[in-house]
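# Chain and residue survey
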Amino acid sequence: MAVAERILDMVAAVPAGRVATYGDIAARAGTPSPRLVGRVLAELSDDDTPWYRIVRANGTPAAHLLDEQCRRLRSEGVEVSGGRVDLRRFRFRSP
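Report on the accompanying structure. (Residues numbered from 1 in each chain as written. Predicted model: local features only at pLDDT ≥ 70, side-chain atom pairs only at ≥ 80, totals over all residues. Heavy atoms only, no water.)

## So, the environment of T21
Mapped onto the fold, T21 is located in strand β1 (residues 20-21). Take T21: its relative accessible area is 3%, and that puts it in the buried class. Distance in space between the C-alpha atoms of T21 and L66 is 15 Å, their sequence separation being 45 residues. In this view, T21 contacts I54, V55, R56, A57, L87 and R91; residues no more than four positions away in its chain are not counted. A polar contact is formed between the side chain of T21 and the side chain of R91, at a distance of 3.4 Å. (Helix = DSSP H or I, 4+ residues; strand = E, 2+ residues; numbered from the N terminus. Buried < 20%, exposed > 50% of the residue type's maximum accessible area, 1.4 Å probe, protein only. Contact = heavy atoms within 4.5 Å. Polar contact = N/O pair within 3.5 Å; in protein donor to acceptor, adjacent residues only side chain to side chain.)

## Examining the layout of surface pockets
To find leftover empty space, a probe the size of one water molecule is rolled over the atoms. Taken as a whole, the largest pocket encloses approximately 380 Å³ of empty space. Lining the largest pocket are 16 residues; nearest its centre among them are Y22, G38, L41, A42 and L65. Here the lining of the largest pocket is composed, by residue class, of 10 nonpolar, 3 polar and 3 charged. (1 Å grid on protein atoms, 1.4 Å probe; cavity = no way out; pocket = protein on both sides within 12 Å on 5 of 7 lines; lining within 4 Å. Points joined across faces, edges and corners; volume = space filled by probe spheres on them. Nonpolar A, V, L, I, M, F, W, Y, C, P; charged D, E, K, R; others polar.)

## Regarding the packing of helix α1 (residues 3-12) against helix α3 (residues 34-42)
Two elements in contact, α1 and α3, have axes whose closest approach is 10 Å; the angle formed by their N-to-C orientations is 85°. When the interaxial angle is binned, α1 and α3 end up roughly perpendicular. Residues V3, A4, I7, L8 and V11 of α1 form the contact with α3, whose participating residues are L36, V37, V40 and L41. (Axes fitted to C-alpha atoms, helices over the stretch in contact; angles between N-to-C directions. Parallel < 35°, antiparallel > 145°, perpendicular 65-115°, else oblique.)

## A word on the environment of R91
Structurally, the position occupied by R91 is in the segment after α5 (87-90). The exposure class assigned to R91 is partly exposed, which follows from its relative accessible area of 21%. Separated by 29 residues in sequence, R91 and A62 have C-alpha atoms that sit 16 Å apart. Residues in contact with R91, not counting those within four places in the same chain, are R18, V19, T21, D24 and D86.

Functional significance is not addressed by these values, which are geometric in nature.
What follows is the structure, encoded as structure tokens:
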């Protein structure tokens, strides 16, 4: 399985109402690069992958997607306060 496929599988595994960081996804996919995760998500051509559940290490959404990402997260019950998600509360920890 290609790295991009593993990344997308890991993103798809983040349940509604939870978030993961780019670094979390990189680690689960077996790649050392959170930037690669961002690149794979930026090149998505479908809307089936829950890209909006992936945030920066400090809990902030991507600046250019802020409104859309926050809207989608809030619709799943994830609170975004001060432009940031509380990772202690909403971070997904895979078993």
